[in-house]
Amino acid sequence: MISLDFHPAGRHFLQIPGPSPVPDRILRAISYPTIDHRGPEFGALGRKVLADIRKIFKTEHPVIIYPASGTGAWEAALSNTTSPGDTVLMYETGHFATLWKSMAESLGLQPEFLGLPGIEGWRRGVQPDMIEARLREDSGHRIRAVCVVHNETSTGVTSDIAAVRRAIDAAGHPALLMVDTISGLASADYRHDEWGVDVTVSGSQKGLMLPPGISFNALSPKAIAASKAARMPRSFWRWDEIIEANKNGYWPYTPNTNLLYGLSEALDMILEEGLDNVFARHQRLGEATRRAVRAWGLEIQCADPAVYSPVLTGVMMPEGVDADAVRKRIYERFNMSLGQALGKMRGKMFRIGHLGDCNDLTLMATLSGCEMGLKLSGVPLQGSGVAAAMEYLTSHADTPALKAAA
Ligand SMILES: *Cc1c(COP(=O)(O)O)cnc(C)c1O
């Protein structure tokens, strides 16, 4: 038997922080027949998703949709706005910030990597004062862009993007602000225009509840102007040709037709629930999860309550416990996938995803699997996290969408 034939009874619990479970409604939409990407029906689909995706980013400006994973949209953001040898200021919040920095190096940029030392930087959000101080030193304005991750998926820590914008403005620096919200979009509050972001990078397989395979660049007029002067070689990622074709709902090449059906359905679902309700639901599920972790007597990776992620929670293991062994036991015994620790945190923690198509009972099943798996792994627990989470969920207002239906 090959491993792909492994289908135990019941559904698999995909509780990693992306890909997140894809709702049936979206899977059905993806199964519609593939159509002519130059025909009239496709143009209507293209115009619809291009208009509605702006509501999710909260922008009036173009949003580029690529048939690529989030990594491609990272490259698109850098290659459209910079020239070889440019300095970019990046901030180390965790593994994804580190990968984006490595990409900048591969592209021939000179990234400067700011951050708090050691593990500490992986437990807190971006420190805007460090960015402001560095930009003030750069009197010649050599730094082309400031790049930060909004929801650091490797740790469960968010960052205050509006504060980063204020730091750049306070330093009077013309650098572009580029933000990765690949895992934050459509789960955590995000405002491209209001926060003064120049390029926002996102992806399909996290809060948007789609399979992997499409990703985004939301732009500002300043970013579009910068792309005209930028000399980094680029072809597939070029914004100008895509923006031109998008005016009529088309792409310069074959777009990801079936995933765009899925995107259209996902946008309908999110806009029907209401973005604010989506955010409130995630905040509530995040809080219930953190109460469970505290009741177990374990430590939450994020050390600053002001920036807890509503998307995922990083759970630190006591000294001597191998987090990967706990995850493996939970996978084999309860058919649930939890997020592996990445980079500096390898083996020291696991990540519980509570994003996308997730409700109270999905979360309770997830926390039950964690609690049973921790016990089976011999991790000493102070109390029942499941009980603490249930207490919170029963005593705190349900999601507005459910209240409206009642
Ligand atoms: C998932 C993720 C990425 C990488 O996206 P891929 O789709 O795997 O290429 C980058 N940054 C963050 C914050 C992510 O969560």
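Rules used in this analysis
The numbering scheme is per chain: residues are counted from 1 as the chain's sequence reads. Note on the predicted model: pLDDT of at least 70 is required for a residue's local features to be given, and 80 or more for side-chain atom pairs to be given and counted; whole-chain, interface and lining totals, by contrast, use all residues. For the side-chain quantities, the full set of heavy atoms in the structure was used; hydrogens and water were omitted. UniProt positions are given in the numbering used here, feature names are shortened, and annotations may be inferred rather than shown by experiment. Helix and strand assignments follow DSSP, with helices taken as H or I runs no shorter than four residues and strands as E runs no shorter than two, numbered in order from the N terminus. Exposure categories follow from relative accessible area, calculated using a 1.4 Å probe and restricted to protein chains: below 20% of the type maximum is buried, above 50% is exposed, and the middle band is partly exposed. Between two residues, a contact is recorded if the distance between any of their heavy atoms is within 4.5 Å. We call a residue near a molecule or strand when any one of its heavy atoms sits within 4 Å of it. We call two N or O atoms a polar contact when they sit within 3.5 Å, provided that within protein one can donate a hydrogen and the other can accept it, with sequence-adjacent residues counted only if both atoms are side-chain atoms. We get accessible surface area from the Shrake-Rupley algorithm with a probe of 1.4 Å; when it comes to residues, only the shown protein chains can shield them. Each domain's extent was defined by an automatic or database domain assignment. Any carboxyl oxygen of Asp or Glu that lies within 4 Å of a side-chain nitrogen of Lys or Arg is treated as forming a salt bridge with it. A pair of strands is considered paired only if DSSP assigns at least 2 bridges between the two. To obtain an axis, a line is fitted to C-alpha atoms, over the contacting stretch when the element is a helix, and the angle between two such axes runs from 0 to 180 degrees between their N-to-C directions.

1. Side note on the UniProt feature "domain: Aminotransferase class V" (unreviewed entry) in the chain
So, point 1. UniProt annotation of "domain: Aminotransferase class V" (unreviewed entry) refers to residues 36-295 when read in the numbering used here.
So, point 2. This span, residues 36-295, is 45% helix and 15% strand, and a straight line between its end C-alpha atoms measures 55 Å.

2. Re the UniProt feature "modified residue: N6-(pyridoxal phosphate)lysine" (unreviewed entry) in the chain
So, point 1. Within the UniProt annotation, "modified residue: N6-(pyridoxal phosphate)lysine" (unreviewed entry) is assigned to Lys206.
So, point 2. Tracing the sequence through the fold places Lys206 in the loop between strand S9 (199-203) and strand S10 (215-219).
So, point 3. By relative accessible area, Lys206 is classed as buried at 9%.
So, point 4. Excluding residues that lie within four positions of it along the chain, Lys206 makes contacts with Pro17, Gly18, Ser20, Ile182, Ser183, Leu355 and Gly356.

3. Focus on the site of the ligand
So, point 1. Taken together, 13 residues sit near the ligand, with Ser69, Thr71, Thr153, Asp180 and Lys206 positioned nearest.
So, point 2. Residue Gly70 places a main-chain N or O atom 2.8 Å away from an oxygen atom belonging to the ligand.
So, point 3. The separation between an oxygen atom of the ligand and a polar side-chain atom of Thr71 is 2.5 Å.
So, point 4. Within the complex, the protein chains bury 88% of what would otherwise be the 380 Å² of accessible surface of the ligand.
So, point 5. Per element, the largest residue contribution to the shell around the ligand is 3 residues, and it comes from helix H3 (residues 70-81).

4. Overview of the domain arrangement of the chain
So, point 1. By domain assignment, the chain separates into domain 1 (13-20 + 274-405) and domain 2 (25-271).
So, point 2. For domain 1 and domain 2, the distance between their C-alpha centres works out to 27 Å.
So, point 3. Contacts between domain 1 and domain 2 engage 33 residues on the former and 34 residues on the latter.
So, point 4. Linking domain 1 with domain 2 are 2 salt bridges.
So, point 5. Note that Arg123 and Glu299 form a salt bridge whose closest N and O atoms lie 2.7 Å from each other.

5. Here's the deal with the side chain of Thr82
So, point 1. Looking at the secondary structure, you find Thr82 in the loop between H3 and strand S3 (87-91).
So, point 2. Here Thr82 falls in the buried class, since its relative accessible area comes to 1%.
So, point 3. Polar contacts involving the side chain of Thr82 include one to the main-chain carbonyl oxygen of Leu78, which spans 2.7 Å.
So, point 4. Residues within four places of Thr82 in sequence aside, it is in contact with Val88, Leu109, Arg144, Ala230, Arg231 and Met232.

6. Remarks on the sheet that holds strand S8 (residues 176-180)
So, point 1. With respect to topology, 7 strands assemble into an open sheet ordered S2-S10-S9-S8-S5-S3-S4, the strand pairing being mixed. Each edge of the sheet is formed by a strand with only one pairing partner; in this case those strands are strand S2 (63-66) and strand S4 (110-114). Averaged over all pairs of adjacent strands, the angle between strand axes in this sheet comes to 20°, irrespective of strand direction.
So, point 2. Pairing of S9 with S10 involves 5 bridges; the strand directions are antiparallel. Residue pairing for S10: Gly203 is matched across the bridge by Ser215.
So, point 3. Across the face of the sheet, helix H6 (residues 161-170) comes into contact with strand S5 (143-149) and S8 while running at roughly 165° to S8.

7. With respect to the sheet that holds strand S11 (residues 299-300)
So, point 1. An order of S1-S13-S14-S12-S11 is seen for the 5 strands of this open sheet, with the pairing classed as mixed. Strand pairing shows two members of the sheet lacking a second neighbour, strand S1 (13-15) and S11, which therefore form its edges.
So, point 2. Note: strand S13 (residues 336-340) against strand S14 (residues 349-353), 2 bridges, orientation antiparallel. Residue pairing across strands places Gln340 opposite Phe350, the latter belonging to S14.

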